[in-house]
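Spelled out, the chains give:
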Amino acid sequence: MKKYFLLLFVLSLLSLNTFSQTRFVAKVDKAILNKIGIATSKTISVDEQWQVFSVTDTSRLVELRRAGIYVEKDRQMKINSIPNDKLFGLQWGLTGNRNLWHGDFSDAWKITEGSKDVKIGIIDTGSPLKDGVWTHPDLDSNRFSSTMSFITEENRTVTDSSGHSTHVAGIIAGIKNNNIGIAGIDQHCQVAIYKVFSKHGSGWTSDIAQAIYRAVHDGCQVLSMSFGGIFYSRLLEDAVFYAQQHGVICAVAAGNQNAEITSYPAFFGKFSTRENYRVGFPNVISVGAIDNFGSVSSYSNYGWFIDIYAPGGNGNYPFADKGNILSTLPTYDSVLGQEDSSWYYKGDSLIVTQRIPAQRTYGYLAGTSMATPFVAGTISLMLAANPNLKVGDLRQIIVRTADVIMTVNGPVAILNPGAAVQAAKNGWVTSVETIQTVVENFELRQNYPNPFNPITTIKFALPKESNVTLKIYDILGREVETLISKIMPAGNHSVDFNAAKLSSGMYVYRIEADNFVQVKKMLLMK
């Protein structure tokens, strides 16, 4: 059996288009690798237990495996954005559509516009610096506390040659009320940018992990991570767990494959190899994308592992309509600003650049990459309203205050920034939540997420004070658990159901409130 697993290990290293990439990572002391003649190029993590190295002879890897040393490929991941083209429009991602979903950030801004005591780390493609000079008029250099590059490409410069990172930074921290350009979500937070992707949007997991460790060390409370890949990495899991241990929450893009597939590190919110975290790390929020009509974007991944959907744009080509996300782009020439798709202000007039590199200042992009900073920015406002919230509280608030709508792929939760920041300010009740609003009818809503593993939220509405009983049954009608049995006030209510001790399958939840009775089904998938 041991020889069988060793053979599988060797075959995996020799798989198509993988061994040509000769970078690997091993969880081992640097001195051990040096002793057997393997030179390391980088050490990852604070305990110096992850080493990056290159080999061309597979027998060296087998040698490490036989010695009980964990080795994995240092894979490349891709940033989750859609290429842009011509554009013109407004920031619908900040205003929402109250007929469809409550995405208006003005509701949140009435409570707080941010705090200088909150620090966001953007792990992406760099900063809008040209020859060491901060260039963008709509991004306050005084709030961008640090920029570091972890890549060897592009002469190790911190300059954002892609434009992707500058776009993300504008969504989070663009200057508001300055009579030019766009508005960002948080007006006071500090921002640190960590460059781990080249101008063409690819980067190594070892660089990403090192950036996560550094961001935690630098005091970031929130990480905006607009990237992902389909391969599991223990190195990346270690880095995300390190963030979890230090109370750092990660908003992570779910991917743009238009499929119900897992993407790492977003999937670490639902699964990990850690003994006490089999159902995922509570500091990871997986983010899908919606368009300006409140529908799941045509490119966005979907499914049970996605926690929340936020504005990401429709991704239509060309980007001439208003359905994509408007934000800042580098003022110098960049990959995402090479087409005649950007614009700038001249007085009060909007001018399309038509390939004038020196004038590019703003532009549209689409993707779960764009949705992710909307969530990161909302969390920043939540921490400004209540700095005592823990990572689990933040994630639960984001999910449980969301607007849940039905789609062809089942119910999806759309970010409601006003409700999230209000709940954060009020303090969070982790068992049963009551929101006092005017309710006209009794209603039992579909649980979310559904399917779920192992926790889901059930919401219901009471038009008057009622004696409420809410019970769970298995598919044979046997009672599993009583969630609520008491008199409750009028309003919108929600309660969590934890099925950690139950087997996979279909379950039923039933509410009785005075003369009102309603039943719905839910699916537990482990």
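Structural data are supplied above this passage.
Small disclaimer: the values here were computed from a predicted structure and weren't measured.

Conventions used here
Residues numbered from 1 in each chain as written. Predicted model: local features only at pLDDT ≥ 70, side-chain atom pairs only at ≥ 80, totals over all residues. Heavy atoms only, no water. Pairing = 2+ DSSP bridges. Helix = DSSP H or I, 4+ residues; strand = E, 2+ residues; numbered from the N terminus. Axes fitted to C-alpha atoms, helices over the stretch in contact; angles between N-to-C directions. Core = buried A, V, L, I, M, F, W, Y, C linked by side-chain atoms within 4.5 Å. Buried < 20%, exposed > 50% of the residue type's maximum accessible area, 1.4 Å probe, protein only. Contact = heavy atoms within 4.5 Å. Salt bridge = Lys/Arg side-chain N within 4 Å of Asp/Glu carboxyl O. Right-handed = clockwise from strand over helix to strand, strands pointing away. Polar contact = N/O pair within 3.5 Å; in protein donor to acceptor, adjacent residues only side chain to side chain.

Trainee: Is there a simple way to explain the sheet that holds strand β30 (residues 516-524) in this structure?
Mentor: Paired through backbone hydrogen bonds, the strands of a sheet run either parallel or antiparallel to each other. Reading across from one edge, β27-β26-β29-β30 is the order of the four strands in this open sheet, with antiparallel pairing throughout. Each end of this open sheet is capped by a strand with a single partner; those strands are β27 (479-488) and β30. On average, adjacent strands in this sheet sit at an angle of 15 degrees to one another, irrespective of strand direction. Where strand β26 (residues 466-474) and β27 come together, eight bridges link them in antiparallel fashion. Looking at the pairing, Lys471 lines up with Thr482 of β27.

Trainee: Honestly, the nonpolar core in this entry has me stumped. Any pointers?
Mentor: Nonpolar side chains in soluble globular proteins tend to end up buried together. Core analysis: the largest hydrophobic core is formed by 106 residues, its most contacted members being Ile212 and Ile379. With near-sequence residues (within four places) excluded, Ile212 lies in contact with Ile123, Leu223, Met225, Leu236, Ala239, Val240 and Ala243. Judged by nonpolar contacts, the second largest core, of 21 residues, contains Ile458, Val468, Ala499 and Ala513.

Trainee: Before we go on, may I ask you to explain the pattern of salt bridges in this structure?
Mentor: Pairs may arise between side chains of opposite charge once their charged atoms sit close together. One pass over the structure, following the stated rule, counts 16 salt bridges. Measuring nitrogen to oxygen at the nearest pair gives 3.2 Å for the salt bridge that ties Glu63 to Arg60. Residue Glu63 and its partner Arg60 are both found in helix α3 (residues 58-66); the two are separated by three residues, about one turn of the helix. On the accessibility criterion, Glu63 (36% relative accessible area) is partly exposed. The salt bridge involving Asp117 is made with Lys116; its shortest N-O contact spans 3.6 Å.

Trainee: How should I be thinking about the pairing of strand β9 (residues 144-149) in this particular structure?
Mentor: The two faces of a sheet get side chains in turn, since along a regular strand they alternate between them. Of the pairings in the sheet, the one linking β9 to strand β10 (residues 190-195) comprises five bridges and is parallel in character. Across the sheet, residue Ser149 finds its bridge partner in β10, namely Lys195. For the handedness criterion, the β-α-β arrangement of β9, helix α6 (residues 164-173) and β10 is classed as left-handed.

Trainee: I'm lost on the sheet that holds strand β2 (residues 40-44) in this one. Help?
Mentor: One open sheet holds the four strands; their spatial order is β2-β3-β1-β4, and the pairing between them is antiparallel. Of all strands in the sheet, those with a lone pairing partner are β2 and β4 (70-73), marking the two edges. Sheet twist, expressed as the mean angle between neighbouring strand axes with direction ignored, is 25 degrees. In terms of strand pairing, β2 meets strand β3 (residues 50-54) through four bridges, oriented antiparallel. Bridging across to β3, Lys42 finds its partner in Val52.

Trainee: Even after reading the chapter, I still don't get the side chain of Asn256, so can you show me in this structure?
Mentor: On the secondary structure map, Asn256 appears in the loop between β14 (249-253) and β15 (284-290). A distance of 2.9 Å separates a polar atom in the side chain of Asn256 from a polar atom in the side chain of Thr368.

Trainee: Please clarify how unusual backbone geometry should be interpreted in this entry.
Mentor: Note: most residues except glycine have negative phi, and most peptide bonds are trans. The step from Tyr448 to Pro449 runs through a cis peptide bond, and the omega angle for that step is -5 degrees. Mapped onto the secondary structure, Pro449 falls in the loop between β24 (443-444) and β25 (455-462). Look at the link from Asn453 to Pro454: it is a cis peptide, with omega at -15 degrees. The phi torsion at Asn258 lies on the positive side, around 50 degrees, for a residue other than glycine. Looking at where Asn258 falls in the secondary structure, it is placed in the loop between β14 and β15. Under the relative-accessibility criterion, Asn258 is labelled partly exposed at 43%.

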